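Breakdown of the fold
As a plain string of letters, each chain reads:
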Amino acid sequence: MTSASDDRGFETRAIHAGQDPDPFTGAVVPPISISTTFAQQGVGRHHGWEYSRSANPTRAALEMCLASLEGARHGFAFASGLAAEDAVLRQLPAGAGIVLGGDAYGGTFRLIDKVYGASGHPWTAVDLTDAAALDARWPEGTRVVWAETPTNPAMAVVDIAAVAEVAHDHGAWLVVDNTFASPFLQQPLALGADVVVHSATKYLGGHSDVVGGFVAVDDDDVAVRLGFTQNAVGSVPSPIDCYLVQRGLKTLGLRMERHCDNARAVVDLLADHPAVARVLWPGLPDHPGHDIAKRQMRDFGGMVSFVARGGEEAAVAICERTELFTLAESLGAVESLIEHPARMTHASAAGSALAVEPGLVRLSVGIESAADLVADLRQALDAVS
Ligand code: P1T
């Protein structure tokens, strides 16, 4: 769906873009359009809607709003983050190579390695925090560079503008997975990325009650191809799921501010605790990506990882001891979650270049009272000290 240019503020667009009151009833919340099909006045004569896989009014409203929030001309909603990623990777010509960052969500690794790698797309893991090294060691035949920033789960920061320049010099696209930052904190297209992907399951939806994905692009031709793929392959979200993401977006700015503030409070505890060997959060001045994050992000986000001093055993024990932080996969919602990436979200990367340090614990810091989150983590850390 194409979004009209709109220079209103982020929070205004989150609440109003693509969401005018219903022209027939005045309903302030546009109705959820659950119809799968739409009456035609004559063969091929209709109001712009034919069949809901191809286009649906609730999905279109979400796509317009999210495209606007990413500062993109075009947006496409999908049934999951991985479905969105798949739609982008399907645009690669036969045999084209992929560069994947040295750290990424385990499911993205699995998609690129086991699905695209297995069907003739060679891929290489490259540390994208060093754009000059990428340039110097550019793998021949690469047509897409796939970057997360901050990365899942090691919280590395990639300089989007620098990596975009290298990718473009070599005739490749830069795709940025903006799931960890959300468009409130970071807008990769404005920094030179060609494509933005999201797991809408995370901060965009924000309430752990919907699985979804999203792709944003500026290029009109790429948009036509993505729209074709969305319809031809058909991994589209239901109207109710679209509504849930849309509803989540209305508070995205408020939630992100609170996620960031709570992360700061949690990091203060972790940084001083004897059970913690290293804290990985781009807001820390000694984080190697701190200056880049300061430049390309509005704030440092609600995701925090740390390495337990006692290694894997201690990391697992901490994950099993918190009470308010729920032990669960996923992230980006109002409630705080804790997990052990090596055994959970990133188990598929074991033994690969993207394998995760076994002592690593990942926190998705929610928007509960900061003091309660800190107290909960403190008791879990104290128990393993
Ligand atoms: O789960 P899905 O909506 O398909 O999104 C996949 C995905 C894509 N990109 C990033 C950066 C992600 O973190 C994810 C999903 N991640 C988890 C479920 C997790 O716990 O890390």
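Residues numbered from 1 in each chain as written. Predicted model: local features only at pLDDT ≥ 70, side-chain atom pairs only at ≥ 80, totals over all residues. Heavy atoms only, no water.

Once that is clear, we can look at the nonpolar core. With 67 residues, the main nonpolar core has L249, L270, V304 and L363 as its most contacted residues. Two domains each put at least three residues into this core: domain 1 (10–249) and domain 2 (253–384). Beyond its immediate stretch of four places on either side in the chain, L270 contacts V276, V279, V304, F306, L363 and L381. Formed by 28 residues, the second largest nonpolar core is a distinct cluster that contains Y116, V175, V197 and V222. (Core = buried A, V, L, I, M, F, W, Y, C linked by side-chain atoms within 4.5 Å. Buried < 20%, exposed > 50% of the residue type's maximum accessible area, 1.4 Å probe, protein only. Domains from an automatic or database assignment. Contact = heavy atoms within 4.5 Å.)

Attention now moves to the packing of helix α10 (residues 252–272) against helix α13 (residues 370–384). Relative orientation of the contacting elements α10 and α13 amounts to 30°, with a least axis distance of 9 Å. Between α10 and α13, the angle is such that the two are roughly parallel. Crossing angle aside, the handedness with which α10 passes α13 is right-handed. When α10 is examined against α13, the residues N262, A265, V266, L269 and L270 are found in contact with a partner set consisting of A370, L373, V374, L377, R378 and L381. A per-class count over the contact of α10 with α13 returns nine nonpolar, one polar and one charged. (Axes fitted to C-alpha atoms, helices over the stretch in contact; angles between N-to-C directions. Helix = DSSP H or I, 4+ residues; strand = E, 2+ residues; numbered from the N terminus. Parallel < 35°, antiparallel > 145°, perpendicular 65-115°, else oblique. Left-handed = near helix turned anticlockwise from the far one by under 90°. Nonpolar A, V, L, I, M, F, W, Y, C, P; charged D, E, K, R; others polar.)

Neighbouring residues of the ligand: 18 residues in total, closest D177, S199, T201, S330 and R362. One nitrogen or oxygen atom from the main chain of L82 is found 3.0 Å from an oxygen atom belonging to the ligand. Contact between the ligand and D177: a nitrogen atom at 2.6 Å from a side-chain N or O atom of the residue. When the ligand sits alone it has 480 Å² of accessible area, and the protein chains cover 92% of it. (Near = heavy atom within 4 Å. Polar contact = N/O pair within 3.5 Å; in protein donor to acceptor, adjacent residues only side chain to side chain. Areas by Shrake-Rupley, 256 points an atom, 1.4 Å probe, with all protein chains shown as cover.)

As enumerated under the stated definition, the model contains four aromatic pairs in all. Ring centres 5.2 Å apart and planes at 65° place the aromatic pair F10 and F184 in the edge-to-face group. Highlighted residues: F10 in helix α1 (residues 10–16) and F184 in helix α7 (residues 182–185), separated in sequence by 174 residues. You can call F184 buried: its relative accessible area is 3%. With 5.8 Å between their ring centres and 70° between their planes, W281 and F300 make a pair best called edge-to-face. Taken together, the residues W281 in the loop between β8 (276–280) and α11 (290–296) and F300 in the loop between α11 and β9 (303–308) connect sequence positions 19 residues apart. The class of W281 is buried, set by a relative accessible area of 3%. (Phe/Tyr/Trp six-rings, centres within 6.5 Å; stacked < 30°, edge-to-face > 60°.)

Here we take up a nonpolar patch on the surface. Together, I32, I34 and I240 line one region of the surface with nonpolar side chains, adding up to about 280 Å² of accessible area. For I240, a relative accessible area of 46% corresponds to the partly exposed category. (Patch = residues over 30% accessible without salt bridge, like charges linked within 9 Å, V, L, I, M, F, W, Y side chains within 5 Å. Salt bridge = Lys/Arg side-chain N within 4 Å of Asp/Glu carboxyl O.)

Let's shift gears to the pairing of strand β3 (residues 123–126). Bridge count between strand β2 (residues 97–101) and β3: four bridges; the pairing is parallel. Bridged to G101 within β3 is V126. Crossover β2 to β3 through helix α4 (residues 106–116) is right-handed. (Pairing = 2+ DSSP bridges. Right-handed = clockwise from strand over helix to strand, strands pointing away.)

When you line up the elements, D159 lands in the loop between β4 (142–148) and α6 (160–169). Setting aside its immediate chain neighbours within four residues, D159 contacts I292, R295 and Q296. For D159, the side chain forms a polar contact with the main-chain nitrogen of A162, separated by 3.1 Å. Engagement of the side chain of D159 in a polar contact is seen with the side chain of R295, the distance being 3.0 Å.

Strand order in this open sheet of five strands is β8-β9-β12-β11-β10, and the pairing throughout is mixed. A strand with exactly one partner marks an edge of an open sheet, and here the two such strands are β8 and β10 (326–327). Direction of pairing for β9 relative to strand β12 (residues 360–364): antiparallel, over a ladder of five bridges. Residue pairing across strands places M303 opposite S364, the latter belonging to β12.

Attention now moves to unusual backbone geometry. Phi is mostly negative for residues that are not glycine, and the peptide bonds are mostly trans. In this model, T149 is joined to P150 through a cis peptide bond whose omega is -10°. Mapping P150 onto the fold places it in the loop between β4 and α6. Of note, the amide linkage connecting N152 to P153 takes the cis form, showing an omega dihedral of 10°. Tracing the sequence through the fold places P153 in the loop between β4 and α6. You will see that M155, though not glycine, has its phi angle at about 60°, which is positive. Along the chain, M155 falls in the loop between β4 and α6. Despite not being glycine, S330 has its phi angle at roughly 80°, a positive value. Of note, S330 is situated in the loop between β10 and β11 (337–339). The class for S330 is partly exposed, based on a relative accessible area of 27%.

Looking at the protein chain, the domain boundaries give domain 1 (10–249) and domain 2 (253–384). Between domain 1 and domain 2, the residue contacts involve 42 residues of the former and 38 residues of the latter. Taking both partners together, domain 1 and domain 2 bury about 3,100 Å²; carbon and sulfur atoms supply 62% of that area. Its largest share of buried area at the contact with domain 2, domain 1 owes to F184, L185 and Y203, together 24% of the area lost on that side. Between domain 1 and domain 2 we count one salt bridge in total. Among the salt bridges present, the one from R295 reaches D159, with a minimum N-O distance of 3.0 Å. Put simply, domain 1 and domain 2 have 16 residue pairs in polar contact (both at pLDDT 80 or more) between them. Breaking the side of domain 1 that touches domain 2 down by element, the ones donating at least two residues are α1, β2, α4, β3, α7 and α9 (239–249). In terms of residues, the side of domain 1 that touches domain 2 owes the most to one element, α4, which gives four residues. Classifying every residue of the side of domain 1 that touches domain 2 by side-chain character gives 23 nonpolar, 14 polar and five charged. (Buried area = accessible area lost by both parts, 1.4 Å probe.)

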